[in-house]
Amino acid sequence: LRAKSAAVGGMIVLLISSCVLLYPSGHIYTAFGAIFGVLFGLSLLTGYIVVTLAPLTRSFLTSLGGLPGKIAAGNIRQNLGRTSIAIAAFMIALSMSIGLSLMIGSFRESLVWWMEGQLRGDLYISNASEKEVPEKLYRELKAMPDIDAVDAYRKVQMSYRGKTMFVASIDASVLQKKARFAWVDGGDEHWDAVRRGDVIVSESFARNFNSTPGSIITLEGLKGLVKLRIEAVFYDYSTEHGLVMMDRETYIRLFGDRIINSIAVFLDPAESRRQLILDSVRQKAHAYDLPVFTRDQFYGNILAVFDSTFAITRSMRIMAIIIAFFGIAGALMTLFIERQRDFGIIRALGFSTGQVSVMTLLEAIGMGVISYILSTGVGTLFAFLLIRVINLRSFNWTIFFHPHLSPYLVILLTALLASVAAALYPIWKVMRTYPQMQIRDE
């Protein structure tokens, strides 16, 4: 009855939290609270789920350990006041690990997908925004007949409607031919309008400033305010503040700024003297004391920054598992202390120390397996909410969900090891205590 009452309360909490999450313009902190409500509501459902799964748990544990397994399953079912709380705590910790792993993995896959489409140069000269590339070098590279195309990139911080954003200049004709931008709508036909003077904006800009294709934005130019038409919106992970991208000729005409932050060099894939040409480009760049990176090195630098950024998140996942381990270990110890007389009676009736130890071990494994089964669903839901709600409202860019098997396998192994480890001390106590001491009523 208590399990059903908790389940009803959990469903009410889930319904309210879901309504808050579905509200599109809600604040980020409201979304955090709603996700907590979802996890809390699912925790309240744990007891009812344990009761529902009781026949399957009994069959599973009986197949593993016979009669001790059957008694272990009964102990889980009959002590819901403690086992359901331990299972819920373990389930939430495992779910957090699965959810964070899937979120980070999906973000990384989305980042790789974005890089492979937008950053397709064979060589990149100076990827440090504060280090300028001489325009003379840019003209020298464009004059080299063996180079297929050269793109000069400039990125500056500006203010728009009282918020920080960035403006970037590129060679639209080069990117139209060489890059594969990921457009929110449409395709590479947008570059024709950019070459004529229109701009394209990142998804984060569009969300930050409620802009759509066809909207007009006003920027402070060299000769005053200038109005620019938004041609299209593209996916971008370079800045969450928003990015306005325009052709270099348009940028120079409006702002009079000829500074170059980096250069991308493109070669014909069929070029037979590829390495010689790349070496020649390196020599020219080194003559100006500029760093040069291949495409793979450039990707590696970006991913290294990404991995270091999320290193703390991995530590949080480990801490969650450690806390969960002590939670389930504490629950098992409490159950053992409460049932000392029961263990003594079972042993007095003919159960060996080994059978009681197996019963204790299978009880821990049963709780761990139930926690894992629940965590696979809750963790996947948690990842989806992090990606589609928290991330979108925090950074205004879309991360595409990329499920992968490794987090589920790692958490399965973690759940089994934690369950077995948590049962070791109760088993040790069983083996060192005489039945008459366990039966004694203190």
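Up top is the structure.
The rules behind the values
Residues numbered from 1 in each chain as written. Predicted model: local features only at pLDDT ≥ 70, side-chain atom pairs only at ≥ 80, totals over all residues. Heavy atoms only, no water. Helix = DSSP H or I, 4+ residues; strand = E, 2+ residues; numbered from the N terminus. Buried < 20%, exposed > 50% of the residue type's maximum accessible area, 1.4 Å probe, protein only. Contact = heavy atoms within 4.5 Å. Bend = angle between axes of the 7 residues up to and from the residue. Salt bridge = Lys/Arg side-chain N within 4 Å of Asp/Glu carboxyl O. Core = buried A, V, L, I, M, F, W, Y, C linked by side-chain atoms within 4.5 Å. Expected span 1.5 Å × (residues − 1). Arc of directions from axis to C-beta. Pairing = 2+ DSSP bridges.

Chemist: If you had to explain the side chain of Ser97 to someone new, which residues and values would you point to?
Modeler: In this structure, Ser97 sits in helix 6 (residues 80-118). Its relative accessible area of 6% is what places Ser97 among the buried residues. Those residues in contact with Ser97 that sit more than four places away from it in its chain are Arg317, Ile321 and Ile411.

Chemist: I'd like a description of helix 16 (residues 353-395), backed by residues and values.
Modeler: Maximal helix bending in helix 16 amounts to about 35°, located at Leu386. Count one or two residues on from helix 16 and you reach Asn396, which has phi positive near 60°.

Chemist: Give a description of the pattern of salt bridges that names residues and reports values.
Modeler: Per the counting criterion, the structure on display carries 14 salt bridges. Across the pair Asp122 and Arg295 runs a salt bridge, and its minimum N-O distance is 3.5 Å. With Asp122 in the loop between helix 6 and strand 1 (123-125) and Arg295 in helix 13 (residues 295-309), the pair connects residues that are 173 residues apart, well separated along the chain. Residue Asp122 is classed as buried on the basis of its relative accessible area of 9%. Here Arg295 falls in the partly exposed class, since its relative accessible area comes to 30%. Via salt bridges that share partners, Glu135, Arg139, Arg248 and Arg258 belong to a single interconnected network.

Chemist: I'd like a description of the environment of Val20, backed by residues and values.
Modeler: Here Val20 lies in helix 1 (residues 2-22). Assessed through its relative accessible area of 30%, Val20 is described here as partly exposed. C-alpha of Val20 to C-alpha of Ala31: the two residues are 11 residues apart in sequence and 7.1 Å apart in space.

Chemist: Give a description of the nonpolar core that names residues and reports values.
Modeler: Leu21, Ile87, Met103, Phe107 and Leu119 are the most contacted members of the largest nonpolar core, which has 59 residues in total. When residues of this core are traced back to their parent elements, those giving at least two are helix 1, helix 2 (28-44), helix 5 (67-78), helix 6, strand 8 (262-266), helix 13 and helix 16. When residues of this core are assigned to their parent elements, the largest contribution, 14 residues, is made by helix 16. With near-sequence residues (within four places) excluded, Leu21 lies in contact with Ala31, Ala34, Ile35, Val38, Leu385, Val389 and Arg393.

Chemist: So what's going on with helix 13? Residues and values would help.
Modeler: With 15 residues, helix 13 should cover 21 Å at 1.5 Å per step; its first-to-last C-alpha distance of 21 Å lies within 8% of that length. Listed in full, the buried residues belonging to helix 13 are Phe298, Tyr299, Leu303 and Phe306. Along the axis of helix 13, the buried residues cluster in a sector spanning 125°; they form a single face. Where helix 13 is buried, its residues meet helix 6, strand 1 and strand 9 (292-294).

Chemist: Tell me about unusual backbone geometry, and name the residues and values.
Modeler: Phi at Arg161 is positive, roughly 55°, even though this residue is not glycine. Checked against the element boundaries, Arg161 lands in the loop between strand 2 (149-160) and strand 3 (163-170). In this structure, Asn396 is a non-glycine residue whose phi angle is positive, near 60°. Its location among the elements puts Asn396 in the loop between helix 16 and helix 17 (406-432).

Chemist: Tell me about the pairing of strand 7 (residues 243-247), and name the residues and values.
Modeler: Burial of strand 7 is extensive: 5 of the 5 residues sit out of reach of the surface. Sheet topology places strand 3 next to strand 7; 5 bridges connect them, and they run parallel. Across the sheet, the residue bridging to Ile170 is Asp247, located in strand 7.

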